[in-house]
Amino acid sequence: MNFNIKYPFDQESCRQMGHHRIATAFVLEHIVRSNKLNYAIAECGVSRGHNLIVMDKVLKGNGFNNKIYAFDTFNGLPYEENTLKKHECCCSLEDFEKNLKEAGVDRVIPVKGLVEDTLEKFKNVLFGFVFLDMDLGKSTKFAVDFFEKSVIVGGIIGFHDYGFERTLEIKPIVDGLDKTKWKQFGPILGNAIFFERL
């Protein structure tokens, strides 16, 4: 992929960001270029908000002011799965909001709770970009089924932890995506993989 959009990170920043954050930035730039950003953006499983900070920088760097929804329990993982323990990956809502404030991010709307309980309230919202990083199979499958109906044609859904040994439930869900509705977008970078809505 060849991106010619304003990219707000230097080489050292990229080195510290991690593969999935670099991938998120580049995919968002693709959407900027294809004018798909008149729609909402969401991340499910936001932890401390570092990926959202990357999203905000890309959007601001290109003059966009989209709403970004941050779906999370803000109490860690809600249940155990494989080697993952309940309450792992915990970051409180207060600490999350503090991290974003320190980074100068003010467009993110936190949505606290299980996605199984909260996503339905957004059934009339159209999304141009979604990133799923919940680690857990049940929640990820629920989110995939929901966003299949609300990601616009040409929009992108991304997954973290694809093929990662601690999140074994994610790869079968991704591999089982309906290929008449989703086409892989770009290469796998680290454990991040993206698909375009057809």
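Structural notes, computed from the coordinates. The shown structure was predicted, so the numbers you read here are calculated from the model rather than taken from an experiment.

1. A few points about the nonpolar core
Judged by nonpolar contacts, the single largest core of 28 residues is most densely connected at Phe 71, Phe 127, Leu 132, Phe 147 and Phe 159. Elements with a contribution of two residues or more to this core: strand S1 (40–44), strand S2 (68–72), strand S4 (127–132), helix H6 (137–150), strand S5 (151–159), helix H7 (170–175) and strand S7 (193–197). Considering every element that reaches this core, the biggest residue donor is H6, with four residues. Setting aside anything within four residues of it in sequence, one finds Phe 127 in contact with Tyr 39, Ala 40, Ile 41, Ala 42, Tyr 69, Phe 122, Phe 146, Phe 147, Ser 150, Val 151 and Ile 152. In terms of nonpolar packing, the next biggest core, distinct from the first, is built from 25 residues, Ala 25, Val 27, Val 108 and Phe 129 among them.

2. Things to note about the pairing of S1
Summarising burial for S1: five of the five residues are buried, a large majority. Bridging between S1 and S4 involves five bridges; their strand directions are parallel. Bridge pairing in S4 places Ala 40 opposite Phe 127. Bridge count between S1 and S2: four bridges; the pairing is parallel. The residue of S2 that forms the bridge with Ile 41 is Ile 68.

The rules behind these values
Residues numbered from 1 in each chain as written. Predicted model: local features only at pLDDT ≥ 70, side-chain atom pairs only at ≥ 80, totals over all residues. Heavy atoms only, no water. Core = buried A, V, L, I, M, F, W, Y, C linked by side-chain atoms within 4.5 Å. Buried < 20%, exposed > 50% of the residue type's maximum accessible area, 1.4 Å probe, protein only. Helix = DSSP H or I, 4+ residues; strand = E, 2+ residues; numbered from the N terminus. Contact = heavy atoms within 4.5 Å. Pairing = 2+ DSSP bridges.

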